[in-house]
Amino acid sequence: MLFVPGLAPAQLAQAVDRIKSGISAAGLLSEWSGDRHVAVDIPPDTDASQLFEIMEREVTEGRAFWEWADAMPFSAPS
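Each chain has its residues counted from 1, following the order in which its sequence is written. This being a predicted model, a pLDDT of at least 70 is required before a residue's local features are given, and a value of 80 or more before pairs of side-chain atoms are given or counted; all residues contribute to the totals for chains, interfaces and linings. To get the side-chain values, all heavy atoms of the structure are used, and hydrogens and water are removed first.

Engineer: Outline the packing of aromatic side chains, listing residues and values.
Structural biologist: Aromatic contacts are taken between Phe, Tyr and Trp rings whose centres are within 6.5 Å, Trp giving its six-membered ring; a plane angle under 30 degrees counts as stacked, one over 60 as edge-to-face, and the others as tilted. Within the structure shown, the criterion is met by zero aromatic pairs. A ring is considered to have a charge above it if a Lys NZ or an Arg CZ atom is located within 6 Å of its centre and within 35 degrees of its normal. Taking NZ or CZ as reference, Lys 20 lies 5.4 Å from the ring centre of Trp 32, over its face.

Spelled out as structure tokens, the structure:
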């Protein structure tokens with residue numbers, strides 16, 4: 001997730017707190033790059049619905065963008 005530039009500092013801080021709380025409540029790992037970009041590791045069979053709702057709200061209300069990617073286990077070519 002990437003928060004849009006130009007958010008008021010208080011608005012950004014509140015949004016970041018919501019995301020951090022959702023990550024913590026779900027027991028997930030995350031990595032922040034600066035104060036506007038976060039990557040969250042969501043293992044298979046994890047219930048992250050509460051975090052999804054929080055993130056979706058930030059996107060819907062125009063404060064952030066997000067994208068999803070599926071990781072594949074590493075394997076060497078045969």
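Engineer: So what's going on with the environment of Trp 66? Residues and values would help.
Structural biologist: By definition, any uninterrupted DSSP run of H or I lasting at least four residues is a helix, any uninterrupted run of E lasting at least two residues is a strand, and each is numbered from the N terminus. Within the secondary structure, Trp 66 is located in the segment after strand 4 (64–65). A contact between two residues is defined here by any heavy atoms of the two lying within 4.5 Å. Beyond its immediate sequence surroundings of up to four residues, Trp 66 is in contact with Met 1, Phe 52, Met 55, Glu 56 and Val 59.

Engineer: Give me the lowdown on the pairing of strand 2 (residues 29–33), citing residues and values where you can.
Structural biologist: Sheet topology places strand 2 next to strand 3 (residues 37–41); five bridges connect them, and they run antiparallel. Of the residues in strand 3, the one forming a bridge with Glu 31 is Ala 39. Pairs of strands are assigned from DSSP output, requiring at least two bridges between the strands. The turn linking strand 2 back onto strand 3 is made up of three residues, and Gly 34 within it adopts a positive phi angle of 75°.

Engineer: Tell me about the nonpolar core, and name the residues and values.
Structural biologist: A general tendency of soluble globular proteins is for nonpolar side chains to be buried together. Among buried residues, the Ala, Val, Leu, Ile, Met, Phe, Trp, Tyr and Cys ones that are joined through side-chain atoms within 4.5 Å form a nonpolar core. Only protein chains enter the calculation, and the probe is 1.4 Å; a residue is then buried if its accessible area is under 20% of its type maximum, exposed if over 50%, and partly exposed in between. Core analysis: the largest hydrophobic core is formed by 16 residues, its most contacted members being Met 1, Phe 3, Ile 19 and Ile 23. Looking at this core element by element, the count peaks at five residues for helix 1 (residues 9–26). Not counting chain neighbours up to four residues away, the residues in contact with Phe 3 comprise Leu 12, Ala 15, Val 16, Ile 19, Trp 32, Asp 35, Arg 36, Glu 58, Arg 63 and Ala 64.

Engineer: For the side chain of Arg 63, give the residues involved together with the corresponding values.
Structural biologist: Relative to the elements of secondary structure, Arg 63 occurs in the loop between helix 2 (49–60) and strand 4. The buried category is assigned to Arg 63, whose relative accessible area is 9%. A polar side-chain atom of Arg 63 sits 2.5 Å from a polar atom in the side chain of Glu 58. Nitrogen and oxygen atoms within 3.5 Å of one another constitute a polar contact, given that in protein one can donate a hydrogen and the other can accept it, and given that sequence-neighbouring residues count only through two side-chain atoms. A distance of 2.8 Å separates polar atoms of two side chains, one belonging to Arg 63 and the other to Glu 61.

Engineer: Could you give me a rundown of the pattern of salt bridges, with the residues and numbers involved?
Structural biologist: Salt bridges are counted wherever a side-chain nitrogen of Lys or Arg sits within 4 Å of a carboxyl oxygen of Asp or Glu. Evaluation of the coordinates by the stated rule reveals four salt bridges. For Arg 57, the salt bridge goes to Glu 61, with nearest N and O atoms at 3.5 Å. Looking at Arg 57, the relative accessible area reads 42%, which means it is partly exposed. The salt bridge partner of Glu 61 is Arg 63, with a shortest N-O separation of 2.8 Å. Overall, the relative accessible area of 45% leaves Glu 61 in the partly exposed class. It is possible to trace a salt-bridge network through shared partners that takes in Arg 18, Arg 57, Glu 58, Glu 61 and Arg 63.

None of the figures reported here should be taken as evidence of function without further support.
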